[in-house]
Amino acid sequence: MQHGKYRFIVGFLIAPMALYVIFVVWPFIQSIYYSFTDWTGLSPDFEMVGFDNYTKMFKDDVFWKSLEHSVLLAILLPLVTLGLALFFAFMLNVGGRRRKGAVISGVRGSGFYKIAYFFPQVLSIAIVAILFQFAFDPAQGMINGSLKAFGFDHLPNWLGDPKLALWCIMAVLVWCTTGFFVVLFSAGMASIPKDFYEAALLDGASRFTTFFRITLPLLWDTVQSGWVYMGILALGAEGFAVVNIMSVGPGGPDYSTTVLPLYVYQAAFRDGQAGYATTIGVALLLVTLAFAAVVMKLGRRERLEY
Amino acid sequence: MKTTDTPPALREEARVPGQRSTGDGSAGTSRAKRGEGHVLNVFSHGVLVIWAILVILPLFWAVMSAFKSDKAIFNSPWALPDSLSFDAWGRAWNQAHMSEYFLNTVLVVGGSLIGTLVLGSMAAYVLARFDFPGNRFIYYLFVGGMSFPVMLALVPLFYVMDNMGLLNTIHGLILVYIAYSLPFTVFFLTSFFRTLPTSVAEAALIDGASHTRTFFQVMLPMARPGLISVGIFNFLGQWNQYMLPTVLNTDPDKRVLAQGLVELSTSQGYKGDYSGLFAGLVIAMLPVLAAYIVFQRQVVAGLTAGALK
């Protein structure tokens, strides 16, 4: 049985490991090294400059704006999305009319709602961003067109208004991620034994109380991993795609929508400052790790089993 | 957060304590209770319908606009198109190069998906089933990749690819997609292979099958449900990828759908062919929407299985 075991192990691991190390691990290590150089990315020559990039970053207004927006997204987006999703999932599973025998029940047609809500999740974030870029168009978009039909006069210039732009972008991310968590939480709620609810309702607890005393504590693990997932998504690829596509100009009017991954991209591929870009990338890494650590720490509860 | 607004129906119920049911529910239903259930039911449906409309309306608007003239899109955004005109679809497909972007995407995603599943399941099988020095280290090296910001690695990766001559090539993009899909794939499939019974594989080995043969002929077929889940997850992720091609694939001829559409939306903004743009959007949406409707259960299972772990 042990014959040729190591040859087999090496044979099976070598190709995936090679790809992973060359395209993921090695660039990742390199980027930390490059953050201490003045590399432009355009020429092969560069020198070590110590912490120059880091001091430059601390004095860079655009960096602070990007950081602020990224942190705002990482905190607010999970809060709104998961809050809405919990609310809808609870409505779907417990909000229904009492039918014969059952103390609690979901609304009729909950299957349809779940299918519809999940729709945006399968669409490309780029397609969603383009669609909403046109929907938000101040003169010809769907949103102002509808507002006009309802008799509103002072129509906002959504993405062109520095005060509104980031909120519009956040709304789009909420739009396309909520459905996923509705389905996820529904599955979690469906596996909570019915007698828990029955006992609580018989004791006179309101549905409001049962939500906070039974449903939420039992779903806590799922909520917490959803929180980390949403945060990483907001700080990473999705945040980049939405801002890059929807923003007016580079990073919105007056840098009102710029986020860290967008700034890394611009510094590296637009401004020819590859070294400095990796420095911002290191800051992004630290923010991501800090975010995950805080959520894990704050979210730690006694694990409930049933 | 929406959940903290106590809906009227819930507050009303809170004020009626001790309504003890006799056990069979409906038999002991009082008038008040029925009213309460009714109010709550109407409220739930109301809220749920509003969100459903918010989700469906933008998509509906895009599909309708693809059939309209540019003038009609702006003047009456919600009117149904006068006639079904497929002009815009033809323009998007031929002149706006959607057909080429579509083909590029199919090639890239097809290659990446097969590569991801084969290489990912090989690595996961070894990591799940064999004890050897460094096993845990390699596992955590893979799994660690799930949580770090990809943007950080993309800057040096661009130059690594440039040096290897892989920049702006389809096969280069495939290799990168596979590499970035491996963390989740290995993570998911490792725990999946651990749940499969060992006795079958041992029986095959005793019968004289090699490890390689055992893997391909016994273990892989048994792992099919896991492969389908992770395959759907990767298909959607790779089909919808935007950041990797934007950075690593700047040749106009090699664009994938997401890139092509962004390009189209910036250039059509100047040219004014909005119906063409909407047709392009709908063309790009159709395959995933069709897949979602047909394989609804599997898609949901595949995507949520990933997040639950």
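Please read these numbers as outputs of a predicted model, since none were measured by experiment.

Q: Residues and numbers for the overall build of chain B, please.
A: Along the backbone of chain B there are 15 helices and zero strands. Of all intrachain contacts in chain B linking residues separated by at least 6 positions in sequence, the fraction that spans at least 24 positions is 72%. When the accessible surface of chain B is split by element, carbon and sulfur atoms take 63% of a total near 13,900 Å².

Q: Account for the interface of chain B and chain A, with residues named and values stated.
A: Opposite the 107 residues of chain B that make contact, chain A presents 103 residues. Summed over both sides, the interface of chain B with chain A buries roughly 9,600 Å², with 80% coming from carbon and sulfur. Summed over the shared surface of chain B and chain A, the result is zero salt bridges. Taken together, chain B and chain A are joined by 13 residue pairs in polar contact (both at pLDDT 80 or more). Here the side of chain B that touches chain A takes 21 residues from helix 2 (residues 31-66) of chain B, the largest share from any one element. Here the residues of the side of chain B that touches chain A are counted per class, giving 79 nonpolar, 20 polar and eight charged.

Q: Account for a negative patch on the surface, with residues named and values stated.
A: Negative charge collects at one region of the surface, where D38(A), D45(A), E47(A) and D52(A) lie side by side. Take E47(A): it is sitting in the loop between helix 1 (5-34) and helix 2 (52-58).

Q: Which residues make up helix 3 (residues 61-94) of chain A, and what are the values?
A: All names here are of chain A. The end-to-end C-alpha distance of helix 3, which contains 34 residues, comes to 49 Å, matching closely the 50 Å that a straight helix rising 1.5 Å per residue would cover. The element helix 3 is largely enclosed, with a buried count of 24 among its 34 residues. Where helix 3 begins, the capping side chain belongs to D60, and its oxygen is found 2.9 Å from the backbone nitrogen of V62.

Q: Give a detailed account of the layout of surface pockets, specifying residues and quantitative values.
A: In this structure, the second largest pocket spans a volume of roughly 720 Å³. The wall of the second largest pocket is formed by 28 residues, among which N244(A), Y242(B), V262(B), E263(B) and T266(B) lie closest to the centre. Where the lining of the second largest pocket is concerned, the elements lending two or more residues are helix 5 (125-135), helix 10 (237-246) and helix 11 (260-269) of chain A together with helix 13 (257-271) of chain B. Counting residues per element, the lining of the second largest pocket draws most heavily on helix 13 of chain B, which supplies seven residues.

Q: Got a sec to walk through the packing of helix 5 of chain A against helix 14 (residues 274-294) of chain B? Specific residues and values, please.
A: The N-to-C vectors of helix 5 of chain A and helix 14 of chain B enclose an angle of 150°; their axes lie 11 Å apart at closest approach. Between helix 5 of chain A and helix 14 of chain B, the crossing angle belongs to the class labelled roughly antiparallel. Viewed along their axes, helix 5 of chain A and helix 14 of chain B form a crossing whose handedness is left-handed. Counted together, I127(A), I130(A), L131(A) and F134(A) of helix 5 of chain A and Y274(B), L277(B), F278(B), L281(B), A284(B) and M285(B) of helix 14 of chain B form the full contact between these two elements.

Q: For the pattern of salt bridges, give the residues involved together with the corresponding values.
A: A full pass over the atoms with the stated rule returns three salt bridges over all chains. The shortest N-O distance in the salt bridge between D271(A) and R270(A) comes to 2.7 Å. Exposure remark for D271(A): the relative accessible area of 34% places this residue in the partly exposed category. Salt-bridge contacts for D251(B) lead to K254(B); the nearest nitrogen and oxygen are separated by 3.7 Å. The partly exposed category is assigned to D251(B), whose relative accessible area is 22%. Among the residues examined, K254(B) registers a relative accessible area of 26% and is labelled partly exposed.

Q: Describe the confidence of the model for chain B, and please don't skip the residues or the numbers.
A: Residues and elements named next belong to chain B. Averaged over every residue, the pLDDT of chain B is 81; the share at 70 or more is 84%. Counted against residues more than four places away or in other chains, residues 1-32, with its pLDDT under 50, gives 36 contacts. Scoring the predicted complex yields pTM 0.85 and, for the interface, ipTM 0.87.

Q: Which residues make up the side chain of S35(A), and what are the values?
A: Looking at where S35(A) falls in the secondary structure, it is placed in the loop between helix 1 and helix 2. In this view, S35(A) contacts N53(A), Y54(A), G275(A), T278(A), T279(A) and V282(A); residues no more than four positions away in its chain are not counted.

Parameters and conventions
Residues numbered from 1 in each chain as written. Chains lettered and ligands numbered in written order. Predicted model: local features only at pLDDT ≥ 70, side-chain atom pairs only at ≥ 80, totals over all residues. Heavy atoms only, no water. Helix = DSSP H or I, 4+ residues; strand = E, 2+ residues; numbered from the N terminus. Contact = heavy atoms within 4.5 Å. Areas by Shrake-Rupley, 256 points an atom, 1.4 Å probe, with all protein chains shown as cover. Buried area = accessible area lost by both parts, 1.4 Å probe. Salt bridge = Lys/Arg side-chain N within 4 Å of Asp/Glu carboxyl O. Polar contact = N/O pair within 3.5 Å; in protein donor to acceptor, adjacent residues only side chain to side chain. Nonpolar A, V, L, I, M, F, W, Y, C, P; charged D, E, K, R; others polar. Patch = residues over 30% accessible without salt bridge, like charges linked within 9 Å, V, L, I, M, F, W, Y side chains within 5 Å. Lys, Arg positive; Asp, Glu negative; His and termini not counted. Charge placed at Lys NZ, Arg CZ, Asp CG, Glu CD. Expected span 1.5 Å × (residues − 1). Buried < 20%, exposed > 50% of the residue type's maximum accessible area, 1.4 Å probe, protein only. 1 Å grid on protein atoms, 1.4 Å probe; cavity = no way out; pocket = protein on both sides within 12 Å on 5 of 7 lines; lining within 4 Å. Points joined across faces, edges and corners; volume = space filled by probe spheres on them. Axes fitted to C-alpha atoms, helices over the stretch in contact; angles between N-to-C directions. Parallel < 35°, antiparallel > 145°, perpendicular 65-115°, else oblique. Left-handed = near helix turned anticlockwise from the far one by under 90°. pLDDT = per-residue confidence, 0-100.

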